Amino acid sequence: MTPHETLDRILPAFDDRTARIGIVGLGYVGLPLMLTFTRAGYRVLGFDVDEGKVQKLNAGESYIGHVPGESIRAALDKGFEATSDMARAAEADALILCVPTPLDQHREPDLRFVTSTMDALVPHLRAGHVVSLESTTYPGTTEEELLPRIETRGFTVGRDVFLVYSPEREDPGNERFDTQTIPKVVAGHTRACLTAGKALYGGAIQRLVPVSSTSAAEMTKLLENIHRSVNIGLVNEMKIVADRMGIDIFEVIDAAATKPFGFTAFYPGPGLGGHCIPIDPFYLTWKAREYGLHTRFIELAGEVNRAMPEYVIQKLMGGLNQHGKLLEGSRILMLGIAYKKNVGDMRESPSVEIMELLTAKGAEVAYSDPHVPAFPPMRQHHFDLTSEPLTPETLAAFDAVIIGADHDAFDYDVILNHATLIIDPRGRYRKPASNVVKA
């Protein structure tokens, strides 16, 4: 069977939405993608190795703060089903991989989730399957890791099975854009693979951006996040310089942002967080070494950003000293332990790193976060804590509070009026106040 014959057989099912979409990995990327496909009229079969997640989803419950349970129940009514049984992959017409790509202990790419997931799916592949990887990774991953695994079944990619790379562009908590409205980069291993990828996503996503190769699509995603990492590193360094000169960096950025061309505002903070920006640049630096290249600019930005939690603690120690207190033995309340405002996503959260550094230095830590009622189990970090109520009495009981994630749900007037010392890396307090230290 030629590529055209196979495409002629499978494309109508994507066009008329009778194709069943398999999404592997039902986390911050996979779950919103599932909702997007079900809302577009497709039946979705979701896969996850976490049986607890599977049970919650099939009961109509959500485990992600910005994904309401009503959305899950609406998806169930439209044919969504979750399973941990990879053998059911044969029931889907397309398989979209949305699994983590973290760094290992040496800050090098860890593709175990991608490769183990693909290994679990390969025995259940069939002719006509469209396989798409959405996980952020280094250029070459799709063809170096997924392609040979598919070929072990005797399939010819581009004729029997269609291999696609289409990087996720999720932004949890963004009220302006969602999975459906964010333009989606799509690439295929062959021209036929690209045609299949466009058919897969075209019925659910408003705008597709085809590129020439899977490596170009992989590099596109890295460039997006490296762009943010480098610019945040720049303003973090500028923050330190401005602070030493007695200048408010947030005032400077706001003023510079009035220029209608040639400037994009990025804001400093206590460090980088989330599943992309602290991690993805190092996927490229690792791959670049294979070509004898040293990505100095990228790595320098990483060094600056990784130093921010320690900078916040130095500012805290200075503030405590002015009150005649040492960090050791002080009670510190972290306000917001998510990696950014208005979400409960804690992946790579700088707030958690600050809490660990404080504990190591002998401070007593607690937190308040309306989006994280109890500190969840994490691969690298854990505190046996629950969120403190943010009351005048609670605030007054701590020697200092640190604004880690400036959630809109916090009452900043109450914080200002009742906290003894406020360490503010987020620029929430623009007017000078005797108990506020800008960090």
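Now for a description of the structure that goes with this document. (Residues numbered from 1 in each chain as written. Predicted model: local features only at pLDDT ≥ 70, side-chain atom pairs only at ≥ 80, totals over all residues. Heavy atoms only, no water.)

When we look at burial in helix α13 (residues 350–360), the residues that qualify are Pro350, Ser351, Val352, Ile354, Met355, Leu357 and Leu358. Among the residues of α13, the N-terminal cap falls to Ser349, whose side-chain oxygen and the backbone nitrogen of Ser351 are separated by 3.2 Å. Taken from the residues just after α13, Gly362 is the one with a positive phi, measuring 95°. (Buried < 20%, exposed > 50% of the residue type's maximum accessible area, 1.4 Å probe, protein only. Helix = DSSP H or I, 4+ residues; strand = E, 2+ residues; numbered from the N terminus. Polar contact = N/O pair within 3.5 Å; in protein donor to acceptor, adjacent residues only side chain to side chain.)

On to the sheet that holds strand β13 (residues 436–438), then. If you trace the five strands from one edge of the open sheet to the other, you get β10-β9-β11-β12-β13, paired in parallel fashion. Bordering the open sheet on either side are β10 (364–368) and β13, each of which pairs with just one other strand. The sheet shows a mean angle of 25° between the axes of neighbouring strands, direction not considered. Sheet topology places strand β11 (residues 400–403) next to strand β12 (residues 422–424); two bridges connect them, and they run parallel. (Pairing = 2+ DSSP bridges. Axes fitted to C-alpha atoms, helices over the stretch in contact; angles between N-to-C directions.)

Moving on: helix α5 (residues 112–121). It helps to recall that an α-helix has 3.6 residues per turn; residues three or four apart then point in one direction. Of the residues making up α5, those classed as buried are Val114, Thr115, Thr117, Met118 and Leu121. One face of α5 carries all of its buried residues, which in axial projection span an arc of 165°. Each element contacted by the buried residues of α5 is listed here: β1 (20–24), β4 (94–97), β5 (130–133) and α6 (141–151). (Arc of directions from axis to C-beta. Contact = heavy atoms within 4.5 Å.)

Residues other than glycine seldom take positive phi values, yet Arg17 does so here, at roughly 65°. In this structure, Arg17 sits in the loop between α1 (3–15) and β1. The exposure class of Arg17 is partly exposed, given its relative accessible area of 32%. Phi at Glu348 takes a positive value of approximately 55°, unusual for a residue other than glycine. Summarising the element assignment, Glu348 is placed in the loop between β9 (331–335) and α13. Relative accessible area serves as the criterion here: at 38%, Glu348 is assigned to the partly exposed category.

On to a nonpolar patch on the surface, then. Nonpolar side chains collect at one region of the surface, where Val241, Met245, Ile247 and Val252 lie side by side and expose about 350 Å² of accessible area between them. Its location among the elements puts Ile247 in the loop between α8 (214–244) and α9 (249–256). Take Ile247: its relative accessible area is 40%, and that puts it in the partly exposed class. (Patch = residues over 30% accessible without salt bridge, like charges linked within 9 Å, V, L, I, M, F, W, Y side chains within 5 Å. Areas by Shrake-Rupley, 256 points an atom, 1.4 Å probe, with all protein chains shown as cover. Salt bridge = Lys/Arg side-chain N within 4 Å of Asp/Glu carboxyl O.)

Here we come to the pattern of salt bridges. Considering all chains together, one arrives at 26 salt bridges under this definition. Glu108 is paired through a salt bridge with Arg289; the nearest N and O atoms lie 3.5 Å apart. Taken together, the positions of Glu108 in the loop between β4 and α5 and Arg289 in helix α10 (residues 280–290) put the pair 181 residues apart, joining distant regions of the chain. We classify Arg289 as partly exposed; its relative accessible area is 46%. The salt bridge involving Arg159 is made with Asp160; its shortest N-O contact spans 3.0 Å. A relative accessible area of 33% means that Arg159 is categorised as partly exposed. Among the residues examined, Asp160 registers a relative accessible area of 12% and is labelled buried. Connected through salt bridges with shared partners, the residues Arg20, Glu81, Arg88 and Glu91 form a single ionic network.

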